[in-house]
Structure formats: structure tokens, C-alpha cells
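Commentary on secondary and tertiary structure
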Amino acid sequence: MTTCRYLWSAAFAAILVLLTGSSMLVAGGGLRQVSPPPTATVGCGLGADPAVSRPVVDPYRFCPEYLLAEQPRSALAAITSIAFAPPCDEMPAPRDWCGALFLVQPSEGTVVWLGQHDADRGERPLNIFAAGLTTPNGLDWYDGAWYVAGGRHIYRLADEDGDGRADANTVLVDHLPEGSGEWTSSLRIGPDGRIYVSKGASCNACEETDPQRAAIISYALDGTDEQVYATGLHHAFDFTWHPGSGDLWITENGRDFLAPDLPLDELNRASQPGQDFGWPYCYQTAAGLVPDESVAGATAERCADTTPAALIFQAHSSPAGMVFYHGTAFPELEGDLLVVMSGSDNQRIPSGYTLLRICFDADGRLETCRNADGNPLLDSQGNPASQDVLIPVDVNYPDHTLEVLHVQEQSFFPDHPVDITVSPDGFIVISVLEGRLIQLRPSPLQWLLQSEPVHH
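The model shown is predicted, which means the values in this text are computed figures rather than measured ones. (Residues numbered from 1 in each chain as written. Predicted model: local features only at pLDDT ≥ 70, side-chain atom pairs only at ≥ 80, totals over all residues. Heavy atoms only, no water.)

This part is about empty space enclosed by the protein. The final tally for this structure, using the stated rule, is 2 cavities of 30 Å³ or more. Here the largest cavity is characterised by a volume of approximately 90 Å³. In this structure, the largest cavity is lined by 15 residues; those nearest its centre are E252, E266, W279, C282 and Y283. Per-element accounting of the lining of the largest cavity gives the leading share, 3 residues, to strand β20 (residues 282–285). For the lining of the largest cavity, a count of residues per class yields 7 nonpolar, 4 polar and 4 charged. (1 Å grid on protein atoms, 1.4 Å probe; cavity = no way out; pocket = protein on both sides within 12 Å on 5 of 7 lines; lining within 4 Å. Points joined across faces, edges and corners; volume = space filled by probe spheres on them. Helix = DSSP H or I, 4+ residues; strand = E, 2+ residues; numbered from the N terminus. Nonpolar A, V, L, I, M, F, W, Y, C, P; charged D, E, K, R; others polar.)

Turning next to the packing of aromatic side chains. Enumeration according to the criterion identifies 14 aromatic pairs in this entry. Arranged with centres 5.0 Å apart and planes meeting at 75°, the rings of Y196 and W241 form a pair that is edge-to-face. Of this pair, Y196 sits in strand β13 (residues 195–199) while W241 sits in strand β16 (residues 236–241); the two residues are 45 residues apart in sequence, bridging distant segments of the chain. Since its relative accessible area comes to 13%, W241 is described here as buried. (Phe/Tyr/Trp six-rings, centres within 6.5 Å; stacked < 30°, edge-to-face > 60°. Buried < 20%, exposed > 50% of the residue type's maximum accessible area, 1.4 Å probe, protein only.)

Turning our eyes to something else, we now look at the state of the cysteines. Tallying each qualifying case throughout the model produces 4 disulfides. Paired through a disulfide, C282 and C303 show a sulfur-sulfur distance of 2.2 Å. Classification of the bridge connecting C282 and C303 rests on its S-S torsion, roughly -105°, and on that basis the disulfide is left-handed. Of the two residues, C282 sits in strand β20 while C303 sits in helix α2 (residues 300–304), which places them 21 residues apart along the sequence. Classification of C282 by relative accessible area gives buried; the value is 5%. Two residues, C359 and C369, share a disulfide whose sulfurs are 2.0 Å apart. The S-S bond linking C359 to C369 shows a torsion near 115°; that makes this disulfide right-handed. Of this pair, C359 sits in the loop between β25 (354–358) and β26 (387–391) while C369 is found in the loop between β25 and β26, placing the two residues 10 residues apart along the sequence. For C359, a relative accessible area of 0% gives the class buried. (Disulfide = S-S within 2.5 Å.)

Here the focus is the environment of C369. Under the relative-accessibility criterion, C369 is labelled buried at 0%. Separated by 16 residues in the primary sequence, C369 and A385 have C-alpha atoms spaced 6.1 Å apart. Every residue in contact with C369, bar those within four places of it in the chain, is listed here: R357, C359, N375, P376, L377, A385, S386, Q387 and D388. (Contact = heavy atoms within 4.5 Å.)

Grouped together as the largest cluster of nonpolar side chains are 28 residues, with contacts concentrated most on L338, L355 and I428. Of all the secondary-structure elements, those providing two or more residues to this core are β3 (62–68), β23 (319–324), β24 (337–341), β26, β27 (417–422), β28 (428–432) and β29 (436–442). The residues touching I428, leaving out its near neighbours within four places in the chain, are F62, Y325, F330, L333, L338, I420, T421, I438, Q439 and L440. If you look at the next biggest cluster of nonpolar residues, it comprises 20 residues, including V104, W113, F129 and W146. (Core = buried A, V, L, I, M, F, W, Y, C linked by side-chain atoms within 4.5 Å.)

What follows is about the sheet that holds β28. In spatial order, the strands read β3-β29-β28-β27; together these 4 strands make up an open sheet with antiparallel pairing. In this open sheet, the two strands that pair with only one neighbour each are β3 and β27. Looking at each pair of strands side by side, their axes are set apart by 25° on average, direction ignored. Here β28 runs beside β29; their pairing, made up of 5 bridges, is antiparallel. Bridge pairing links I430 to I438 in β29. (Pairing = 2+ DSSP bridges. Axes fitted to C-alpha atoms, helices over the stretch in contact; angles between N-to-C directions.)

Now for the pattern of salt bridges. Applying the stated criterion to the full structure yields 13 salt bridges. Between R357 and D388 there is a salt bridge; the shortest N-O distance is 3.0 Å. Placement of R357 in strand β25 and of D388 in strand β26 is noted, with a sequence separation of 31 residues between them. One exposure class covers both R357 and D388, and it is buried. (Salt bridge = Lys/Arg side-chain N within 4 Å of Asp/Glu carboxyl O.)

With that out of the way, let us pick up the environment of A300. Along the chain, A300 turns up in helix α2. A300 sits 18 residues away from C282 along the chain, and the two C-alpha atoms are 8.4 Å apart.

Our focus in this paragraph is the side chain of T421. Relative to the helices and strands, T421 is located in strand β27. In this structure T421 touches I82, A83, F84, L101, V323, F427, I428 and V429, once residues within four positions along its chain are discounted.

Attention shifts here to the sheet that holds strand β4 (residues 82–84). An order of β4-β5-β6-β7 is seen for the 4 strands of this open sheet, with the pairing classed as antiparallel. Looking at which strands have only one partner, the edges of the open sheet turn out to be β4 and β7 (126–130). Strand-to-strand twist across the sheet, computed as the mean angle between neighbouring axes with direction ignored, equals 30°. Pairing of strand β6 (residues 110–114) with β7 involves 4 bridges; the strand directions are antiparallel. Bridged to V112 within β7 is I128.

What follows is the structure in C-alpha cells.
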């Protein structure tokens, strides 16, 4: 069937041109887009400008489009966390914004929601839901309200009169650490109905005096009953719970200015409260956690008593937003963890700037990823791999790893993907720090993949 798929691909490339306006060619055993359409808001492609037409995607799987991209680049406000509001039938009362995509703009101090495409204006309007917040970043919906973390604060924002703006704004917490170091705060409402928020370290390698730093903290829904859930996390960029096992999975960015290839960034698993993941005394290598000799008290014995990474990533690739996929648009991804790698800022050779799939079984255990033919994916050392690079794709390296990607030519580079979510339709939406929103919907050629058995 694989041979037939590629024989048929040339014919269907012509159909794709008619459907999307894209020019495609067959190269290296697959399709490659060589002439994207000139517009970015509608169609299967991101635009003709090389500066905004990346990343390169698998044309059998994804049809990328911008939900937000038409403003002048200099005027774009940074976007970090994104989340969809529940549908109208799950709301206490109908709202214009039910089912809409909400996004956070830290530099503007706002939470906004994305309206429907306006044909006359040729864009989707951004509607302000709440303003005057302190560098908002993390947000999550729970029981009729949005919960937002920003600066020193955790807010509860509700639209009680239905006019599309929050009118019941409550500061639940006003003493989170702020200032130097890692300033972002991810926020989620846990399966136990508590607020969880992460705060990064104030430095690269130091002993913190504030227990809220380099940790994940939880609160009751009213902001009381503060508890430290996990420690030793230099920068827990994001976290989420596996829907089956209930384990908490955490993306962690390691410290800087140690070495170009150290420390490795991490995906951590917290199966219970109180786990220590090592920072500042230990950092992650391919061989495990080792002492950071720049910190007093760092010993091999101490590192042995902390929790190592469940999965490691290339140094400075900056694993960021994450979501367990659930939807009908991409059934081959069901139950897997999607992670965007925000990318390095201070490396001579860039790393990251990608979208990864981390493969899980139904019980919440990491498992070997498999390609469309059912064959296991291998890492650069030839070992079975639990991670698969979804974006960018290189038809010459169908089972590639981060080490062989042409980051500067094919990935999100130089923009930084920071968060990811799944729409009610099962489409994948990615926020880009530089002010763009990219949606991945199924390609017209996706059925070619689905016509083969997928072993997962």
C-alpha cells in the first residue's frame, strides 16, 4: 500500500492545487509544497513571504492556516497561553464567546477572544475580555470563569452580564514571586478542582529563599490553602495531567550558560506531591542527573535522591506548551502528548522551534512511536523513540529526530511557538510569541494515511 500511496500522490497533488491553490511536487517519496498561496487567512498554506510561510508540514497530514497573522509585524502583541471556551451547551447561559479561542497578551495586560472571520475587514477581530492585568500568562476555564496567572496575581474573571467582557474580576492571590528570572506563570485547574500554578527560578543556579520559586504551587479555588506540589524545577513552562493515569506531566527548561549542549531540557512526570526534580543542585544529562558544581551542597548522593527526567530533549530547545490530543481530526494522534519547542535564544546553532508528538499508551506510559506503516521510530543512536517530530517535516528524513532538522529553513524559526491547544473540531492551534496563531486542520490528502493500518 505504501508504494501505491506514492504512485497516487502525483495525481492527488493536482487535486490539491485545485482545492488550495498550492503548487506541489513529488520529491524523496512524498509531496513537498514549493509555492504556497499568496494569502494567509484562508487556504492550505501560510503565505508566499518566506519570513512567515514556515513551518514546513507533512502535506499528507496537515493543512496549515493562520487564524491571526495579517497585522503589520511591528504592531503584533505577544501571545502566550491559549484555550478554547466551552461550547454554549456547557455554559450557564449563552454567550457570544462560547466556543471561542481565548488568548493572553502579557505585554498588553489583556485577555482577548478571537471573533469569527469578518469578510468585509478580511480578518478575525480580537475582542478584549479583560484589561489592566499584571503580565497575564497562564489561563484555564473552570465552572463558569476564567482563572488567569500574571505577575504577583491569580485572577478569577467572569462575564456575568453577557456583554463579552469580564465584569466580575476577583484577585484570588496577590503574593506570587515576580521580578528577575523566569517570569511566566502557567496555570491549570487540576482534576481535584484546585488551582495549580508554576513559577520559575530567579536565577540560573542559586539556592532560592522563596519556596514558591522553581516550583508548582496549588491553591483552593478561592486562593486559600497554599501547598507546594513539586520542587526543583528551574522553569516549569507548562504542565498537564494524563487523562487516564492522572499523572502530572511537566515541560522544564534547564538553566543557561553551562554549555552549548547542556543541560538537556526535560519532560518530567509527577505521580504524587512532594517530588524534587533536582534544580539547582543537579542538572540533566543523557546519563542522568549530575551535580552542578557551581552550587554549594551539590553532590551525587543528593542527585540520586531526586527525580530524573522521564524524557530528555536537546539542550536549550525550550519545551513549552503541551496538550494531550483528543479529537476526531487526527485519530492517529489520539492520546499522545503534543509539545511545542519554543526554541533557543542564545545559541550559535538554533535548537527547538518544532512541534513534537510524545507517544503514550492508554495507561499513561511512554511508548515507542510508530510511523504510518507501523514501523517503530528510532532516535539518532538507533534506539526506539518515544518522540516524533511533527513539524517541520523533511521528506528526505521521514523518521527524523531533532538532530537532523534544518531548523532555520523549515521550522517556526525565527518565531517562537509557545502554546498549543485543540479546538472542538479536533484541529490543532499553536500560538506564536511574535503574535501569530496557526491552525492545523486535516489535509485533503489525509485519507491516504488513514487507508493504511496504523499500529499505535
